[in-house]
Amino acid sequence: MANKEKNFVSAIVYVHNAEGRIESFLSTVLEVLETNFEHSEIICVNDKSDDKSVEKIKAVSKKAKASTITLLNLSHYHGLETAMNAGADFAIGDFVFEFDRTVLDFEAQEIMNVYKRCLQGYDIVSASPDKKQRLSSKLFYMTFNKFARLKYEMSTESFRILSRRVLNRISSMNKTVPYRKAIYANCGLKTDHLRYRVCETRQQNRTAERQEKRYRTTLALDSLILFTDFGYQFSLGMMFLMIAIVVFMAVYSLVVYLVGNPVEGWTTTILFLSFCFFGLFGILAVIVKYLQIIVNLIFKKNQYNFESIEKLTK
């Protein structure tokens, strides 16, 4: 007991139809926490599973000696982000682990590696497998990092640890957190990312079901709109493209009028439509820019973020 960590740690585990892997995953997390920490808790957020995940969790809970295991059952399917936010509201630890998935493709020691790295001055430390990302994930993060312009580039993560002040700051910044990773990267606190070697003997195949795939697609689109300039840049590009087409049509109509024999009223109609479309796309670009500013002021960013405060004099 004397050699165990004194900090109280919480672990939030997202569970949705994971009966084939939740028992081994939860047992591993429980063993790590009870071996290394004097005080710990595990919060399993059951996102309306319709398999035997709950029974598996209850079976593991009977093995707990020092840690407490809480099962938070959601009334209907909420998706990863809302479910993890619910778990964070219940967590009371000085440090909080977030396990977004229950795929045990890492050695148990990796959990402590992330915690120890956090103690070296980092408020957020994440871990991801040392393997190629799926094409869809790679395209999303490539687009996100390009248009978000954050200090830390984001990538696929398996789990992470947060200090208590991260959660306190996030709750003061935003009433709702639609995409935690983007908020964490934008909160101004020191962040690090570790990669672990995939343990082939532990690796488990996991196929996302249709409901989850649809949720992740919607989340990706919402995140690109809320946290990046992608929407504005796209609309700006479309505006310039349409302006170029409008200018071409105006010039073309004048050339036809001067050297051809157009139908009476054709040139006037084309010039009028060209002017109207030019104004329309210009107005749309302004509207999109105003919406982006409103999102920034209300939701996306605070006026300032600081990493730490040092009192140099007494």
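All of the points below concern the structure found in this document. This structure is a prediction, so every number in the text was calculated from the model and none was measured. (Residues numbered from 1 in each chain as written. Predicted model: local features only at pLDDT ≥ 70, side-chain atom pairs only at ≥ 80, totals over all residues. Heavy atoms only, no water.)

### Section: the pairing of strand E6 (residues 159-163)
Then, number 1: Counted residue by residue, E6 has five buried out of five residues, so it is predominantly covered.
Then, number 2: Where strand E4 (residues 95-99) meets E6, five bridges bridge the pair, whose relative direction is antiparallel. When the sheet's bridge partners are listed, Glu 98 is paired in E6 with Arg 160.
Then, number 3: As judged from the four bridges shared by strand E5 (residues 124-129) and E6, these two strands associate in the antiparallel manner. Considered in E6, the bridge of Ala 127 is made with Phe 159. (Buried < 20%, exposed > 50% of the residue type's maximum accessible area, 1.4 Å probe, protein only. Helix = DSSP H or I, 4+ residues; strand = E, 2+ residues; numbered from the N terminus. Pairing = 2+ DSSP bridges.)

### Comments concerning unusual backbone geometry
Then, number 1: Positioned with a positive phi, Asn 17 is a non-glycine residue whose angle comes to about 50°.
Then, number 2: As for its placement among the helices and strands, Asn 17 is situated in the loop between strand E1 (9-15) and helix H1 (22-36).
Then, number 3: Note on Asn 17: relative accessible area 17%, which makes it buried.
Then, number 4: Look at Lys 48: it is not a glycine, yet its phi comes out positive at around 55°.
Then, number 5: With respect to the element layout, Lys 48 can be found in the loop between strand E2 (40-46) and helix H2 (53-61).
Then, number 6: Given the relative accessible area of 46%, Lys 48 is considered partly exposed.

### Describing the environment of Ser 223
Then, number 1: One can find Ser 223 in helix H8 (residues 210-227).
Then, number 2: The class of Ser 223 is buried, set by a relative accessible area of 2%.
Then, number 3: Through-space distance from the C-alpha of Ser 223 to that of Ala 182 is 8.1 Å; in sequence the pair is 41 residues apart.
Then, number 4: If near-sequence neighbours (up to four positions away) are discounted, Ser 223 is found in contact with Phe 140, Phe 144, Tyr 179 and Thr 228. (Contact = heavy atoms within 4.5 Å.)

### Let's talk about the packing of aromatic side chains
Then, number 1: This structure, assessed with the given rule, holds 13 aromatic pairs.
Then, number 2: Ring geometry for Phe 106 and Phe 159: centres 4.9 Å apart, planes at 45°, overall tilted. With Phe 106 in the loop between E4 and helix H4 (109-118) and Phe 159 in strand E6, this pair connects stretches of sequence that are 53 residues apart. Grouping residues by exposure puts Phe 106 and Phe 159 together as buried. (Phe/Tyr/Trp six-rings, centres within 6.5 Å; stacked < 30°, edge-to-face > 60°.)

### Some thoughts on empty space enclosed by the protein
Then, number 1: All told, the structure shown has two cavities of 30 Å³ or more when counted by the stated rule.
Then, number 2: In terms of lining residues, the second largest cavity is bounded by Glu 110, Asn 113, Val 114, Ala 127, Phe 159, Leu 194, Arg 195 and Tyr 196.
Then, number 3: At the level of elements, H4 and strand E7 (191-196) are the ones that each hand at least two residues to the lining of the second largest cavity.
Then, number 4: Grouping the amino acids of the lining of the second largest cavity by side-chain chemistry returns five nonpolar, one polar and two charged. (1 Å grid on protein atoms, 1.4 Å probe; cavity = no way out; pocket = protein on both sides within 12 Å on 5 of 7 lines; lining within 4 Å. Points joined across faces, edges and corners; volume = space filled by probe spheres on them. Nonpolar A, V, L, I, M, F, W, Y, C, P; charged D, E, K, R; others polar.)

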